[in-house]
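# Working through the structure, step by step
Each chain, written out:
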Amino acid sequence: SPAVTPGNPQAGTAAVVVVVSKAPSKKLSSAPAVAAQIGKAVSLKLKGLPKSTNLSVKVKSGGVWTSLGKIKTTKAGQATVPTFTVDKAGTYSLRLTTAKGVNYYVKVLVA
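A short tour of the structure in this document, coming up.

### Examining the sheet that holds strand β3 (residues 33–36)
On the basis of which strands lie adjacent, the open sheet formed by five strands has the order β3-β10-β9-β5-β6 and mixed pairing. For this open sheet the edge positions go to β3 and β6 (64–72), each flanked by a neighbour on one side alone. Within this sheet the neighbouring strands show an average axis-to-axis angle of 25°, counted without direction. By the bridge criterion, eight bridges tie strand β5 (residues 54–61) to β6 in an arrangement that is antiparallel. Considered in β6, the bridge of V59 is made with T66.

### A word on the nonpolar core
Within soluble globular proteins, side chains that are nonpolar generally end up buried alongside one another. In this structure, L44, L46, V81, F84, L94, L96 and V108 are the most contacted members of the largest nonpolar core, which totals 26 residues. Secondary-structure elements contributing two or more residues to this core are β3, β4 (41–46), β5, β6, β8 (84–86), β9 (90–98) and β10 (103–110). With four residues, β10 is the single largest residue contributor to this core. Other than its neighbours up to four places away in sequence, L94 contacts L44, V57, K58, V59, W65, L68, V81, F84, Y104, Y105, V106 and V108.

### Focus: the environment of P50
For P50, the location among the structural elements is in the loop between β4 and β5. Each C-alpha atom of the pair P50 and Q78 lies 8.2 Å from the other, and the pair is 28 residues apart in sequence. Excluding anything up to four places from it in sequence, P50 contacts T73, G77, T98 and Y104.

About the criteria used
- Residues numbered from 1 in each chain as written.
- Predicted model: local features only at pLDDT ≥ 70, side-chain atom pairs only at ≥ 80, totals over all residues.
- Heavy atoms only, no water.
- Pairing = 2+ DSSP bridges.
- Helix = DSSP H or I, 4+ residues; strand = E, 2+ residues; numbered from the N terminus.
- Axes fitted to C-alpha atoms, helices over the stretch in contact; angles between N-to-C directions.
- Core = buried A, V, L, I, M, F, W, Y, C linked by side-chain atoms within 4.5 Å.
- Buried < 20%, exposed > 50% of the residue type's maximum accessible area, 1.4 Å probe, protein only.
- Contact = heavy atoms within 4.5 Å.

This is a description of form; function is not addressed.
As structure tokens, then:
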């Protein structure tokens with residue numbers, strides 16, 4: 001079974017909102033990392049993204065990219081990633097991609 005489960009808004013699960021203090025990186029190797037707990041629904045609040053831009057959001061688990069959906073950043077370059085739940089410890093990479101193919105990365109460390 002997949003380790004990452006995209007959130008279900010109809011399920012009414014309260015997500016833990018994690019504020020990422022650093023802007024997402026264009027390189028996975030230098031992406032800022034935040035901590036999350038196994039089994040808890042999590043949503044990331046990001047800043048430092050392109051302003052008023054549509055982004056597709058994917059999370060990498062077990063070598064596979066799973067879509068979490070699409071988001072639009074604010075005029076200030078902020079956005080909240082769709083909620084997801086992780087049921088295995090490890091490092092999960094989030095990739096936010098613009099329509100022009102520019103990627104931004106954030107890592108979620110689950111323990």
